[in-house]
Amino acid sequence: MLGHSPSLSFKKTMACSLLHLYKHSLIAAIILIACFPSYVRSRDISSILNGQHLRIASLDVRPYMFIDRSGNQSRADGIVYQIIVWLSIRNNFTFSLDLPLDGTFGALVNGTWNGMIGMAINKQVELIAAPVVPSLDRARVLDFTTTFSEEPMCCLIPAPEADLNSLSGIVKPYNTYVWLLIIFSMLCVALATWLTSEFGPIHQSLNGISDKRRRRGYKEMSLTEHFYAIFAIICLQPKDMSTHSPNSSPIVLSVWCLACVVLVYLYTGVLISYLTIPKMRPIVETVEELAESTRLQVVAIKNSIFESTLLQSTTGPLKTLGNQLRQHPENSLSGEYYNLKLLLQKALLGRFGIMMSKAQAETLMKLDWNSKNMKKCRLSIMREKILSTRFCFALPKSSPYTNVIDKGIIAMYDVGLIDYWKNHSPGSFANRCDANNRKMAMTNEKKKPLSLTNLIGAFVLLSIGILIAFLSFLVEIWIASSFRMLFHSQIRKIWHT
């Protein structure tokens, strides 16, 4: 029987072990070769900013960036500034803020970019740290990081004001068409009662009754007297003249009395509610209403994404708003209106709808709310949001720092830093002036009793009636004296002849 020698078995075992070791070493080498370039790249990227000094373009765009240049030293704060500081600590670099001379983000004007975008293209800065909105034109000349904030584009408008015009309150319960219909109905009913009293069957049946019995408590009434009787009924005045004409159809008068009860009590209820509950004047709620409004003009800061959105729109109400900006170039505000105090003065004129992000609008409303401790809503945000805008940082095209900045922003999102800074930003503002909060404030407001100011319209109407009656009295006296003088002159002529 043949057997295996120990030396042969050992050699085979060693050969198998060396083969397995070779295979594993080969796989490890392949993995190392494949991963080494990316490892080197990551080491290179993370060390690119180490010890570097970045020139960063930015703007005072609150609540994202606060730049206070009052005094000897400048001070910055806000969401964007917190992001820059965190990135500088993470990647060990220093930075300085450069503000654009024209104070704008930048737009393509006559083939040349201005503002912060122009600074990045011309290599004057390495980074634009501001709420920059990506667009197709900007993407051709800039690299963008991931989104650090997303806000809807909205319109800041004057807040609705209470209609406190008590002088016209007497006519507010009904609109113009209802008042005209009431007057027309009075004329029709007066004509109907006069016709039935003159030519109706009741008049024919009373012809055989003696004049003494017909005149007992009654009299023949003209068309004017019928109108006065109908007017007395709607005024709820118990005038005898309303029953002086028995010849009129009782059906017509009964229907008119029923209609008067409905009209009078409805008028009284609406008048009381109008005088006691403040009514808000209608405001602009949608983009269509803003485009059709004759009271508000659209306004946007020049070279901003909001102005570009309107000017580049080709259909719908946004195109109409863009055409309004072209017709009124003075409504494209210069970069100095990033100063919220100047923009607030513009907004409080009450004639403009200002295009901006929701966070900027709320910051402006907070500034107005706290100004002079007024605690009053003088501004509001249009209910319909126009479109959603996302804010990024921007760098020059093919910048070596794009990946580093991008990864830093993603890391901040992962740990919740950006959301924390948003909620604790100095510009954050719980909107006390939106529709629901205004409604709650009106509900909780203490109801006030009617005063003489509320009833001024009724007294003005009464004064006008007294004045007209007095003038009519004077006219009657003048006419009577004229006829008397004419009569006496005729008598004298007859006497002398």
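Cut-offs used in this document
Per chain, the residues get numbers from 1 upward, laid out in the order the sequence is written. Only residues with pLDDT of 70 or above have their local features reported here, since the model is predicted, and side-chain atom pairs are shown and tallied only from 80 upward, although totals for entire chains, interfaces and linings are computed over all residues. With hydrogens and water set aside, each side-chain value is computed from the structure's full complement of heavy atoms. The secondary structure listing takes helices from DSSP runs of H or I that are at least 4 residues long and strands from runs of E that are at least 2 residues long, numbered from the N terminus. Relative accessibility decides the category of a residue: with a 1.4 Å probe and only protein chains considered, values under 20% of the type maximum give buried, values over 50% give exposed, and everything between is partly exposed. By definition, residues are in contact when any of their heavy atoms lie within 4.5 Å. Note on areas: Shrake-Rupley with a 1.4 Å probe; residue coverage comes only from the protein chains shown. Strands are treated as partners if at least two bridges between them are detected by DSSP. Each patch groups residues whose relative accessible area exceeds 30% and which form no salt bridge, using 9 Å between like charges and 5 Å between nonpolar side chains of Val, Leu, Ile, Met, Phe, Trp and Tyr. Think of a salt bridge as a Lys or Arg side-chain nitrogen and an Asp or Glu carboxyl oxygen that are within 4 Å of each other. Charge assignment: positive for Lys and Arg, negative for Asp and Glu; neither His nor the chain ends contribute. Here the site of a charge means atom NZ of a Lys, CZ of an Arg, CG of an Asp or CD of a Glu. Convention adopted: a line fitted to C-alpha atoms gives each axis, helices being fitted over their contacting stretch, and angles between N-to-C directions are expressed from 0 to 180 degrees. Angle categories: roughly parallel below 35 degrees, roughly antiparallel above 145, roughly perpendicular from 65 to 115, and oblique for all the rest. Each residue receives one of three labels: charged for Asp, Glu, Lys and Arg, nonpolar for Ala, Val, Leu, Ile, Met, Phe, Trp, Tyr, Cys and Pro, and polar for the others, Gly being one of them. By convention in this document, the label disulfide applies to cysteine sulfur atom pairs within 2.5 Å. A residue's pLDDT is the confidence the predictor assigns to it, expressed on a 0 to 100 scale. Geometry of aromatic contacts follows a simple scheme: Phe, Tyr and Trp rings, the Trp one being its six-membered ring, pair when their centres are within 6.5 Å, and the pair is stacked under 30 degrees between planes, edge-to-face over 60, tilted otherwise. Here is the rule for handedness: rotate from the far helix to the near one, and if that takes an anticlockwise turn smaller than a right angle the crossing is left-handed, while a clockwise turn gives right-handed.

Asker: Sorry, what's going on with the overall build of the protein here?
Answerer: If you tally the helices and strands in the protein, you get 18 helices and 14 strands. Taking all 497 residues of the protein together, 36% fall into the buried category. Excluding contacts between residues fewer than 6 apart, the proportion of contacts in the protein whose partners are at least 24 apart in sequence is 75%. Total accessible area computed for the protein in this model is approximately 30300 Å², and 63% of it derives from carbon and sulfur atoms.

Asker: Teacher, can you tell me more about helix α11 (residues 305-312) here?
Answerer: Of all 8 residues that make up α11, 6 are buried, and the element is covered over most of its length. Within α11, the full set of buried residues consists of I305, F306, E307, S308, T309 and L310.

Asker: How should the pairing of strand β7 (residues 127-132) be read in this particular structure?
Answerer: Side-chain direction in a regular strand flips from residue to residue, so the side chains alternate between the two faces of the sheet. Among the 6 residues that make up β7, 6 are buried, leaving the element largely enclosed by the rest of the structure. Pairing geometry for strand β1 (residues 53-57) and β7, over 2 bridges, is parallel. Bridged to A57 within β7 is I128. Here β7 pairs with strand β14 (residues 387-396) via 2 bridges, running antiparallel. Considered in β14, the bridge of I128 is made with A394.

Asker: It is not clear to me how a negative patch on the surface should be interpreted in this structure. Could you clarify?
Answerer: A cluster of like negative charges, contributed by E288, E289, E292 and E384, occupies part of the molecular surface. With respect to the element layout, E288 can be found in helix α10 (residues 287-292).

Asker: Where do I start with the packing of α11 against helix α12 (residues 316-327) in this structure?
Answerer: The angle between the axes and the distance between the axes are what describe a pair of packed helices. Between α11 and α12, whose axes approach to 7 Å, the crossing angle comes to 110°. Comparing the axis directions of α11 and α12 gives the class roughly perpendicular. Across the interface between the two elements, E307, L310 and L311 of α11 pack against L318, L321, G322, L325 and R326 of α12. Its residues assigned to classes, the contact of α11 with α12 comprises 5 nonpolar, 1 polar and 2 charged.

Asker: Would you take a moment to explain a nonpolar patch on the surface for this structure?
Answerer: Where nonpolar side chains cluster on the molecular surface, the patch consists of L467, F470, L471, F473, L474 and I477 and spans about 580 Å² of accessible area. Along the chain, the position of L471 falls in helix α18 (residues 456-496). Residue class for L471 comes out partly exposed when judged on its relative accessible area of 44%.

Asker: Explain the state of the cysteines to me, please; I cannot follow it from the model alone.
Answerer: A covalent bond bridging the sulfur atoms of two cysteines is what the word disulfide describes. Inspection of every chain in the model, using the stated rule, returns 0 disulfides. C154 provides the cysteine sulfur closest to C155, a residue in no disulfide bond, and the two sulfurs are 7.4 Å apart. You can call C155 buried: its relative accessible area is 0%.

Asker: Sorry, what's going on with the pattern of salt bridges here?
Answerer: Working definition: two side chains of opposite charge can pair if their charged atoms are close together. What the rule picks out here adds up to 7 salt bridges. Here E126 and R55 are joined by a salt bridge, their closest N and O atoms 2.6 Å apart. With a gap of 71 residues between them, E126 in the loop between α3 (115-121) and β7 and R55 in strand β1 connect regions that are remote in the sequence. K358 is the partner of E362 in a salt bridge, and the nearest nitrogen-oxygen pair spans 2.5 Å.

Asker: Quick question: what am I supposed to make of the confidence of the model for the protein here?
Answerer: Segments scoring low in pLDDT should not have their predicted coordinates read at a detailed level. Within the protein, residue pLDDT values average 76, and 71% of them lie at 70 or more. Contacts for the low-pLDDT stretch residues 1-24, under 50 throughout, to residues beyond four places or in other chains number 0 contacts. Considering only residues more than four positions removed or in separate chains, one finds that residues 439-444, a stretch of pLDDT under 50, has 3 contacts.

Asker: Sorry if this is basic, but what is going on with the packing of aromatic side chains here?
Answerer: The geometry of two aromatic rings is summed up by the distance between their centres and the angle between their planes. The tally for this structure, following the rule as stated, stands at 7 aromatic pairs. Between the aromatic rings of Y174 and W179, the centroid separation amounts to 5.4 Å while the plane-to-plane angle is 70°, which identifies the pairing as edge-to-face. On the basis of relative accessible area, Y174 is assigned to the buried category, the value being 9%. On the accessibility criterion, W179 (28% relative accessible area) is partly exposed. With centroids separated by 5.8 Å and ring planes inclined at 45°, the aromatic side chains of Y174 and Y267 adopt a geometry described as tilted. Of this pair, Y174 sits in the loop between β9 (149-158) and α5 (176-199) while Y267 is found in helix α9 (residues 250-276), placing the two residues 93 residues apart along the sequence.

Asker: How should unusual backbone geometry be read in this particular structure?
Answerer: Working note: non-glycine residues mostly have negative phi, and peptide bonds are mostly trans. The omega torsion of the bond from R62 to P63 falls at 10°, within 30 degrees of zero and hence cis. Here P63 lies in the loop between β1 and β2 (66-68). Of note, the phi angle at N92 is positive, near 60°, even though the residue is not glycine. Positionally, N92 belongs in the loop between α2 (79-91) and β4 (94-98). Here the phi dihedral of S398 falls at roughly 60°; this positive angle occurs in a residue that is not glycine.

Asker: What exactly am I supposed to notice about the packing of α2 against helix α15 (residues 402-415) here?
Answerer: One can describe the packing of α2 onto α15 by two numbers: an axis separation of 10 Å at closest approach and a directional angle of 110°. Classified by the angle between their axes, α2 and α15 sit roughly perpendicular to one another. Where α2 crosses over α15, the two elements pack in a sense that is right-handed. Note on element contacts: α15 touches α2 through V404, I405, K407, G408, I409, A411 and M412, opposite I83, W86, L87, R90 and N91. Split into classes, the residues belonging to the contact of α2 with α15 amount to 8 nonpolar, 2 polar and 2 charged.

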